[in-house]
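What follows is the residue order along each chain.
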Amino acid sequence: MLVALFAPVVAPFNPNEQDLVRRLQPPGSSGVSKINLLGTDQLGRDIFSRLVFGARLSIFVAVVSVSLSLGLGLVLGLQSGYFGGWIDAVVMRLVELQMSFPFILLALAVLAVIGPSITNIILLFVITSWPIYARTIRGSVLAFKQTSIIESARAIGRGDQGILWTYVFPNCVSSLAVIASFEAARIILMESALGFLGLGVQPPTATWGNMIGDGREYIWSEWWLGTFPGLAIMITVLAMNFLGDAARDYMDPTLKDGSNP
């Protein structure tokens, strides 16, 4: 996160600056004034600088996509679970319809029609991710709305929306935090996969998926082109999964008291 935030300070080179004289230089090679720590690509661009700016893009897409899909799924899941009836029927049918499409197939269809861009990719992730939050929140609401807390709130005259956001929503925060961390890792991985397939943000913008896609033609000779972006994806996704595990362990009371080994 810090590397992405301070990318212009951390990166020693402009990520899109080409130097064909120094193309395909191995890691640690020295230029006129600076060292290419992770080598250069087929256009002479610094791999390390492109990795740093690629982190900014991947994390931006993940954070914005998770925030929007979480907000949409939260609102629909709360309304669906609390009110039931036709609202629940419509929301759940939309969830089932959305989850019946494989992600890659849907991505190919959508991006082929509207074109690949940061905005369209974020929109795609929001469309495919909100059902996960909606189903989880709906289940939590169905379990919680039968408790005495809800009956007491109704007895003192609280309205439905007041009950939802004052009493029901706080009890969903822990599950939302855990899901969001795992979803952020999945989105980073999927964004890289789209870039590898040529459906992500288009060159010359530096993305980890694009870098791996460019490096596959040189994998047997210039291994660093695809290896370092792949390691960056692996480490970032692994870290986000560890964060999700830690959030679950911290927020789950059955794990705090040791009753659940």
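Residues numbered from 1 in each chain as written. Predicted model: local features only at pLDDT ≥ 70, side-chain atom pairs only at ≥ 80, totals over all residues. Heavy atoms only, no water.

### Points about helix H11 (residues 224–251)
- Look at H11: 40 Å from first C-alpha to last across 28 residues, which is about the 40 Å you get at 1.5 Å a residue.
- Every buried residue of H11 is accounted for by Trp224, Leu225, Gly226, Phe228, Pro229, Ala232, Ile233, Thr236, Val237, Gly244 and Ala247.
- Buried positions along H11 lie against helix H3 (47–83), helix H9 (173–196) and helix H10 (208–215). (Helix = DSSP H or I, 4+ residues; strand = E, 2+ residues; numbered from the N terminus. Expected span 1.5 Å × (residues − 1). Buried < 20%, exposed > 50% of the residue type's maximum accessible area, 1.4 Å probe, protein only. Contact = heavy atoms within 4.5 Å.)

### Here's the deal with the packing of aromatic side chains
- Tallied over the entire structure, the rule returns 4 aromatic pairs.
- Summarising the aromatic geometry, the rings of Phe103 and Phe125 are spaced 5.6 Å apart at their centres and angled 5° between planes, so their arrangement reads as stacked. Separated by 22 residues along the polypeptide, Phe103 in helix H5 (residues 103–114) and Phe125 in helix H6 (residues 118–144) bring together distant segments of the chain. Comparing Phe103 with Phe125, the two get one shared label, buried. (Phe/Tyr/Trp six-rings, centres within 6.5 Å; stacked < 30°, edge-to-face > 60°.)

### Some words on the confidence of the model for the protein chain
- Averaged over every residue, the pLDDT of the protein chain is 83; residues scoring 70 or more account for 95%.
- Ranking the helices and strands of the protein chain by mean pLDDT puts H3 first, with 89, and helix H12 (residues 253–256) last, with 55. (pLDDT = per-residue confidence, 0-100.)

### Observations regarding the side chain of Thr40
- Mapped onto the elements, Thr40 comes out in the loop between strand S2 (35–36) and H3.
- At 2.6 Å, the side chain of Thr40 and the backbone oxygen of Arg22 are in polar contact.
- Of the polar contacts made by the side chain of Thr40, one reaches the backbone nitrogen of Gln25; its length is 2.7 Å.
- In this structure, Thr40 is in contact with Arg22, Arg23, Leu24, Gln25, Arg45, Ile47, Trp224 and Leu225, ignoring residues within four places of it in sequence. (Polar contact = N/O pair within 3.5 Å; in protein donor to acceptor, adjacent residues only side chain to side chain.)

### Here we look at the environment of Asp214
- Inspection of the secondary structure assignment puts Asp214 in helix H10.
- When its relative accessible area of 29% is taken as the criterion, Asp214 is described as partly exposed.
- Each C-alpha atom of the pair Asp214 and Ile137 lies 41 Å from the other, and the pair is 77 residues apart in sequence.

### Re the nonpolar core
- Leu51, Phe125, Val168, Leu194 and Trp208 are the most contacted members of the largest nonpolar core, which has 53 residues in total.
- For this core, the secondary-structure elements that each account for two or more residues are H3, H5, H6, helix H7 (148–155), helix H8 (160–168), H9, H10 and H11.
- Aside from chain neighbours lying at most four places away, what touches Leu194 is Phe103, Ala107, Leu111, Leu124, Phe125, Leu199 and Gly200.
- Counting 5 residues, the second-largest nonpolar core is a separate cluster that includes Val91, Met92, Val95 and Ala134. (Core = buried A, V, L, I, M, F, W, Y, C linked by side-chain atoms within 4.5 Å.)

### Notes on the packing of helix H4 (residues 85–99) against H6
- Two elements in contact, H4 and H6, have axes whose closest approach is 9 Å; the angle formed by their N-to-C orientations is 135°. Taken together, the axes of H4 and H6 lie oblique to each other. Relative to H6, the crossing made by H4 is left-handed. For the pair H4 and H6, the contacting residues are Asp88, Val91, Met92, Leu94, Val95, Gln98 and Met99 in the first and Ile127, Thr128, Trp130, Pro131, Ala134, Arg135 and Arg138 in the second. (Axes fitted to C-alpha atoms, helices over the stretch in contact; angles between N-to-C directions. Parallel < 35°, antiparallel > 145°, perpendicular 65-115°, else oblique. Left-handed = near helix turned anticlockwise from the far one by under 90°.)

### Digging into unusual backbone geometry
- In this structure, Leu24 takes a positive phi of about 55° despite not being glycine.
- Along the chain, Leu24 turns up in the loop between helix H2 (7–10) and strand S1 (29–30).

### Considering a nonpolar patch on the surface
- On the surface, Leu2, Val3, Leu5, Phe6, Val9 and Val10 cluster together to form a nonpolar patch covering roughly 590 Å² of accessible area.
- At the level of secondary structure, the elements contributing two or more residues to the nonpolar patch comprise helix H1 (2–5) and H2.
- Considering every element that reaches the nonpolar patch, the biggest residue donor is H1, with 3 residues.
- Mapping Val9 onto the fold places it in helix H2.
- Exposure remark for Val9: the relative accessible area of 69% places this residue in the exposed category. (Patch = residues over 30% accessible without salt bridge, like charges linked within 9 Å, V, L, I, M, F, W, Y side chains within 5 Å. Areas by Shrake-Rupley, 256 points an atom, 1.4 Å probe, with all protein chains shown as cover. Salt bridge = Lys/Arg side-chain N within 4 Å of Asp/Glu carboxyl O.)

### A word on the side chain of Ser49
- Its place among the elements puts Ser49 in helix H3.
- Take Ser49: its relative accessible area is 0%, and that puts it in the buried class.
- Setting aside residues up to four positions removed in sequence, Ser49 forms contacts with Ala11, Pro12, Phe13 and Pro15.

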